[in-house]
Amino acid sequence: MCLSSLSLKISRCFTSTNPVVASSTFSALSSTDLTQTPTLSLSLTMDRKRFTAGTTYVAWVKTNRTQREECLSRLEFTIDDIVKPLPPAKVSGEPLQHDPKAIGIWWKNPTNLDQLINLQFELQFRAAGNLDWTKISHDEIGIHVTNYELEDLQPFTLYEFRVKCAREQETNRRLWSDWSAVARVRTWEDTPVGFLDLWFVEQLTTLGGLKSIMVIWKPLEEHQARGIIQRYSVNYLDGEMMKNTSTDICCNISLPRSTSLVNVTAHNSIGATQPAKLNLIPDHPAPFNVTVYSANRSVLVSWEPPANTTPDGFVVEWNRMNSQYVPDWKKISAATAYVTWIDGVLYPLLPYKISVYAQYQGGLGGPVSTLVYAEEGVPLAGPAILILNMSHSGVTLQWKMLPLEKRQGFVRYYTLYYVKKPGGDDKHKALDISYTVDRYTLLNLEPDSSYRIWMTASTIVGEGERGPHINFKTQGSQILFWMAAVLLSCSVLVGLIGLLFCTYCEQRIQSCGAFYLPEWCCQKIPDPRNSRVTGHSPKDNYIPNQPYLLDEPVPAAVEEIENENFEAPSINRNNSILETDREPSMEDQHCTTIKTPESQTPSPGVEKPPEASRFLGESHVDQTPSSTRLLGGGAPFISGYEKHFMPSEEELLNNEWLLEN
């Protein structure tokens with residue numbers, strides 16, 4: 001590569017407070033012509049066209065200092081030697097079979113220089129992904145060497161490297177080529193090192209009961225895996241029995257809920273890691289006073305260790321709420337009681353559940369959990385309102401809490417808005433309600449009026465969007481209706497009480513009158529108009545010269561017929577009426593004969609009247625109780641009206657006794 005200009009650099013080998021004027025002078029070695037160029041800088045650039053190939057030139061620098069010229073060192077050069085080489089060609093590398101930590105690198109000389117010219121090389125390398133290069137100097141590589149071995153590298157790691165070259169000449173005339181293209185090569189696999197980072201998740205059934213646990217782990221870092229992990233072997237203690245299984249899936253496995261101890265080992269083609277252990281026995285002392293502080297999308301979680309015991313360490317678990325993602329976790333040493341997540345670990349506006357465990361050699365303590373937002377925003381919607389009850393002056397409302405995905409922060413309070421006559425000029429009114437309640441009774445509304453109502457939710461950032469609104473109309477006033485109902489009820493009640501009182505008084509008066517007055521004064525006398533005698537025609541049974549019972553009663557002579565078997569019926573002395581109203585028996589047919597005073601025997605041609613029953617209160621079987629019959633024909637007919645005025649059997653017996661005495 002030919003240069004279009006030459007540059008001479010002057011090194012200041014003295015110090016002075018005065019300006020120094022330097023002049024650069026050069027000439028051909030075999031010529032007396034001098035070319036002088038004054039300058040105040042420490043370098044000088046000249047056009048290459050002023051020089052001739054194959055000619056040797058001499059250059060020196062003079063300085064004007066304190067009226068005395070000083071000549072610096074002289075430099076001889078030819079433009080044929082001032083050539084910048086091309087980068088080395090065909091740079092490549094490959095891992096060494098005998099050493100998984102070494103790489104061999106090869107290259108060839110640039111094509112624009114004679115292959116016999118001695119060249120010097122420099123090498124740079126780095127692991128893929130790193131920004132800084134590691135330099136191998138030309139002194140370490142040597143002169144005219146086109147290969148090099150890199151040692152003490154990481155197994156199964158991708159490395160990048162590049163090479164540059166320069167002519168082996170004096171230092172002040174060396175020109176280095178550009179870097180070659182970057183080549184890449186990976187070292188061989190080696191036995192993995194370290195331990196897997198184990199944790200667990202409880203798996204739930206659809207019914208909400210514990211079904212199994214999922215043991216999860218993080219993939220090994222590349223420098224730990226030292227190769228491709230082909231499978232994982234799992235040993236676990238299920239009850240009293242130690243079992244083992246394996247999986248080629250990274251990075252979880254489901255185990256029975258009764259599992260208490262788990263060991264997991266990672267395998268590659270060369271070897272395996274040491275087994276990582278996780279003891280799942282619960283009920284050990286847990287940390288307390290877990291606090292969370294978030295600002296600028298960073299989160300700080302702190303806690304206090306358990307009292308009177310020292311755990312082996314702590315595990316901080318975080319999981320996005322209402323998501324199917326497997327939770328992430330971080331293990332903290334026992335000497336540390338906090339953890340910080342910077343921006344990018346927790347996404348803003350999303351809720352995360354933070355849980356802190358204490359980890360012991362014999363099991364776990366905790367968790368102690370809390371909710372956190374890396375950054376809060378305003379809610380995306382307001383609560384939906386339902387009407388539970390309504391009256392003429394109030395309404396009871398209920399609402400559900402906002403879903404977590406719509407909150408975008410911690411809800412501090414709700415705001416209830418309502419306006420009368422939607423669409424009118426009335427301004428809406430607002431009420432702030434605590435976020436801990438889910439119902440509210442809105443009072444002091446006007447009867448028979450239309451209202452529109454809606455709600456919003458607010459976080460520390462501000463108020464969110466409106467929720468769905470509802471329209472309703474309060475009931476009309478019912479004061480007059482209830483007053484009329486109360487008055488009517490009172491009137492009915494007073495009337496009933498008065499009626500009951502009058503009935504009671506009447507009964508008391510009758511009872512008192514029956515005690516002090518004669519019996520007939522307190523009896524109810526039947527109405528003659530209700531008697532059926534007037535409706536019975538005696539024409540069919542008319543007997544000449546025979547009086548009828550419809551006339552005034554004729555005193556009758558009572559003839560007693562002795563009967564040893566006669567037994568007087570029981571008499572109710574209160575009403576003077578026989579208790580028995582049964583059909584006469586054969587023994588009861590002994591009766592007294594009622595004789596008229598005119599004749600003891602019936603007149604010729606006149607039918608003998610029937611004998612009257614001794615028991616005047618009784619009726620024959622064929623008699624109708626509600627009718628009265630004539631004595632002149634057929635069976636006698638006695639109505640209740642006549643029966644009332646007839647003497648009782650007791651009175652007849654008393655009269656007979658008086659006559660005999």
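Since the model is a prediction, treat every value here as computed from it, not as a measurement. Per chain, residue numbering runs from 1 following the sequence as it is written. Under the rules for a predicted model, residues below a pLDDT of 70 receive no local features and side-chain atom pairs below 80 are neither given nor counted, while totals for whole chains, interfaces and linings still include all residues. In computing side-chain values, all of the structure's heavy atoms are included and hydrogens and water are not.

## Thoughts on the packing of aromatic side chains
Within a pair of aromatic rings, the relevant descriptors are the distance that separates the centres and the angle that separates the planes. The line we're drawing: Classification of ring pairs uses Phe, Tyr and Trp, with its six-membered ring standing for Trp, and accepts pairs whose centres are within 6.5 Å; under 30 degrees between planes counts as stacked, over 60 as edge-to-face, and the remaining range as tilted. Helix numbers and strand numbers start at the N terminus; a helix is a DSSP run of H or I with at least 4 residues, a strand a run of E with at least 2. For every residue, the accessible area obtained with a 1.4 Å probe (protein chains only) is divided by the maximum for its type, and the residue is called buried under 20%, exposed over 50%, and partly exposed between those limits. The criterion for a charge sitting over a ring is simple: Lys NZ or Arg CZ within 6 Å of the ring centre, and within 35 degrees of the ring normal.
One pass over the full model with this rule turns up eleven aromatic pairs. An angle of 20 degrees between the planes, with centres 5.8 Å apart, marks the rings of Y451 and F472 as stacked. In this pair, Y451 is assigned in strand β34 (residues 450-458) and F472 in strand β35 (residues 470-473), connecting sequence segments 21 residues apart. For the pair Y451 and F472, a shared accessibility class is recorded, and that class is buried. Among the aromatic residues, those joined into a cluster by ring pairs are W199, F200 and Y357. Over the face of the ring belonging to W133 we find R162, whose NZ or CZ atom lies 4.4 Å from the ring centre.

## Some remarks on the pairing of strand β17 (residues 231-238)
Here is the rule: Any two strands between which DSSP finds at least two bridges are classified as paired.
Inspection of the sheet shows β17 paired to strand β20 (residues 259-267) by eight bridges, in the antiparallel sense. When the bridges of β20 are listed, Y232 appears paired with A266. Counting the residues that bridge the hairpin from β17 to strand β18 (residues 241-247) gives two residues, and of these G239 lies at a positive phi of roughly 70 degrees.

## So, the state of the cysteines
Short version of the rule: By definition, disulfides here are pairs of cysteine sulfur atoms that lie within 2.5 Å.
Counted under the stated rule, the structure contains one disulfide. Distance from the sulfur of C505, which forms no disulfide, to the nearest cysteine sulfur (C502) is 6.4 Å.

## Overview of the nonpolar core
Selection criterion: Definition used in this section: a nonpolar core is a set of buried Ala, Val, Leu, Ile, Met, Phe, Trp, Tyr and Cys residues joined via side-chain atoms within 4.5 Å. Residue contacts are defined here by distance: any two heavy atoms, one from each residue, within 4.5 Å place the two residues in contact.
Ranked by size, the top nonpolar core spans 27 residues in total, and within it L196, W199, W217, L255, V262 and V264 carry the most contacts. Counting residues per element, the ones that place at least two in this core are β15 (197-204), β16 (210-218), β17, β19 (252-256), β20 and β21 (276-279). If one sorts the elements of this core by residue count, β16 sits on top with five residues. Dropping the residues within four chain positions of it, V264 is found in contact with L196, L198, W217, Y232, S233, V234, Q274, P275 and A276.

## Digging into the layout of surface pockets
Remark: the empty space left among the atoms is shown by a probe the size of a water molecule rolled over them. Stated precisely, the cut-off is as follows: Grid points spaced at 1 Å over the protein atoms alone were grouped into cavities, where a 1.4 Å probe fits but cannot get out, and pockets, open sets with protein on both sides within 12 Å along at least five of seven lines, with lining residues defined by an atom within 4 Å of a point. Grid points are joined across faces, edges and corners, and a volume is the space filled by probe spheres set on the points. Residue type decides the class: Asp, Glu, Lys and Arg count as charged, Ala, Val, Leu, Ile, Met, Phe, Trp, Tyr, Cys and Pro as nonpolar, and the leftover types, Gly among them, as polar.
When its volume is computed, the second largest pocket comes out at roughly 860 Å³. Around the second largest pocket sit 31 residues that line it, and F200, V201, E202, E317 and Y357 are the ones nearest its centre. Top element by residues in the lining of the second largest pocket is β15. It accounts for five residues. Taken together, the residues of the lining of the second largest pocket break down into 16 nonpolar, ten polar and five charged.

## Considerations on the sheet that holds strand β25 (residues 328-333)
What counts is decided by this rule: Note on geometry: axes are C-alpha line fits, over the in-contact stretch for helices, and angles between N-to-C directions span 0 to 180 degrees.
Strand order across the open sheet formed by four strands is β25-β24-β27-β28, with antiparallel pairing between neighbours. The sheet is open, and its two borders are formed by β25 and β28 (363-373), each paired with just one other strand. Strand-to-strand twist in this sheet, taken as the mean axis angle between neighbours without regard to direction, amounts to 20 degrees. For strand β24 (residues 313-320) and β25, the ladder comprises six bridges, and the chain directions are antiparallel. Residue pairing across strands places V316 opposite K330, the latter belonging to β25.

## Concerning the sheet that holds β21
Two strands in a sheet stick together by hydrogen bonds in their backbones, pointing the same way (parallel) or opposite ways (antiparallel). Strand order in the open sheet made by the four strands is β18-β17-β20-β21, with antiparallel pairing throughout. A single partner strand is all that each edge strand has here, and the edge strands are β18 and β21. Adjacent strand axes in the sheet meet at a mean angle of 15 degrees when their direction is disregarded.

## Remarks on the confidence of the model for the protein
The condition is simple: As a per-residue measure, pLDDT tells how confident the predictor is, with possible values from 0 to 100.
Taken as a whole, the protein shows an average pLDDT of 76; of its residues, 68% reach a score of 70 or greater. Here residues 2-6 scores under 50 on pLDDT; set against residues more than four positions off or in separate chains, the count is 19 contacts. A low-confidence stretch, residues 562-635 stays under pLDDT 50, and its non-local contacts, those more than four residues away or across chains, total 104 contacts.

## Observations regarding the pairing of strand β29 (residues 385-390)
Note: β29 against strand β30 (residues 395-399), five bridges, orientation antiparallel. Considered in β30, the bridge of M390 is made with V395. Counting the residues in the hairpin turn of β29 and β30 gives four residues.

## Observations concerning the environment of F288
Looking at where F288 falls in the secondary structure, it is placed in strand β22 (residues 288-295). By relative accessible area, F288 is classed as partly exposed at 33%. When the C-alpha atoms of F288 and P306 are compared, they prove to be 6.9 Å apart, with 18 residues separating the residues in sequence. Every residue in contact with F288, bar those within four places of it in the chain, is listed here: W303, E304, P305, P306 and A307.

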